[in-house]
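One letter stands for each residue in the lines below.
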Amino acid sequence: MSDPKALLKTKQNELTALRSEHQLVSTDVTVAESKIKDLKNQQTITNSQINELLTDKRKVDKENDELELKLQGRGKATEDSNQ
């Protein structure tokens, strides 16, 4: 038969090792959750910046289209006066 004191000591050592490993895993999970939260915040900020840039681009595109129409209109007026 095995020695009860030795068996108890072995099991206590195993329990201590498991608790230590659990603590390490818990820390890793906490760090990962924090990184996920930071990445989600960064994604929100980036998406907002993209939307702002797209809005600005649409404004510039609209202004360019309006200027193009004005220039085309002047070109037609010049052609009409030359004929």
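For the structure, check the block above.
Along each chain, the written sequence defines residue order, and numbers are assigned to residues from 1. Selection of residues for local features in this predicted model requires a pLDDT of at least 70, selection of side-chain atom pairs for listing and counting requires 80 or more, and totals for whole chains, interfaces and linings are taken over all residues. To get the side-chain values, all heavy atoms of the structure are used, and hydrogens and water are removed first.

A. Here's a closer look at the overall build of the protein. Helix and strand content of the protein: 1 helix and 0 strands. When the accessible surface of the protein is totalled, it reaches about 8,000 Å², and 56% of it is carbon and sulfur. Comment: elements are numbered from the N terminus, with helices defined as DSSP H or I runs of at least four residues and strands as E runs of at least two. Surface accessibility in these figures is a Shrake-Rupley result with a 1.4 Å probe; residues are shielded only by whichever protein chains are displayed.

B. Spotlight on a negative patch on the surface. A surface patch of like charges, here negative, comprises Glu 63, Asp 65, Glu 66 and Glu 68. The topology assignment puts Glu 68 in helix α1 (residues 4–82). Relative accessibility thresholds used throughout: buried, under 20% of the residue-type maximum; exposed, over 50%; partly exposed, between the two (1.4 Å probe, protein chains only). On the accessibility criterion, Glu 68 (42% relative accessible area) is partly exposed. Exposure above 30% relative accessible area and no salt bridge define the residues that can form patches, which grow by joining like charges within 9 Å and nonpolar side chains of Val, Leu, Ile, Met, Phe, Trp and Tyr within 5 Å. The term salt bridge refers to a pairing of a side-chain nitrogen on Lys or Arg with a carboxyl oxygen on Asp or Glu at a separation within 4 Å. The sign given to each residue is positive for Lys and Arg and negative for Asp and Glu; His and the chain ends receive no count. Throughout, a charge is located at the NZ atom of Lys, the CZ atom of Arg, the CG atom of Asp or the CD atom of Glu.

C. Region of interest: the pattern of salt bridges. All chains considered together, the criterion is met by 2 salt bridges. With a shortest N-O distance of 3.5 Å, Glu 14 and Lys 11 are connected by a salt bridge. Within this pair, Glu 14 and its partner Lys 11 are both found in helix α1, separated by 3 residues, close to a single helical turn. Residue classification places Glu 14 among the partly exposed residues on the basis of a relative accessible area of 37%. Between Asp 61 and Lys 57 there is a salt bridge, with its nearest N and O atoms 2.5 Å apart.

Note that all results are geometric; they support no functional claim without further evidence.
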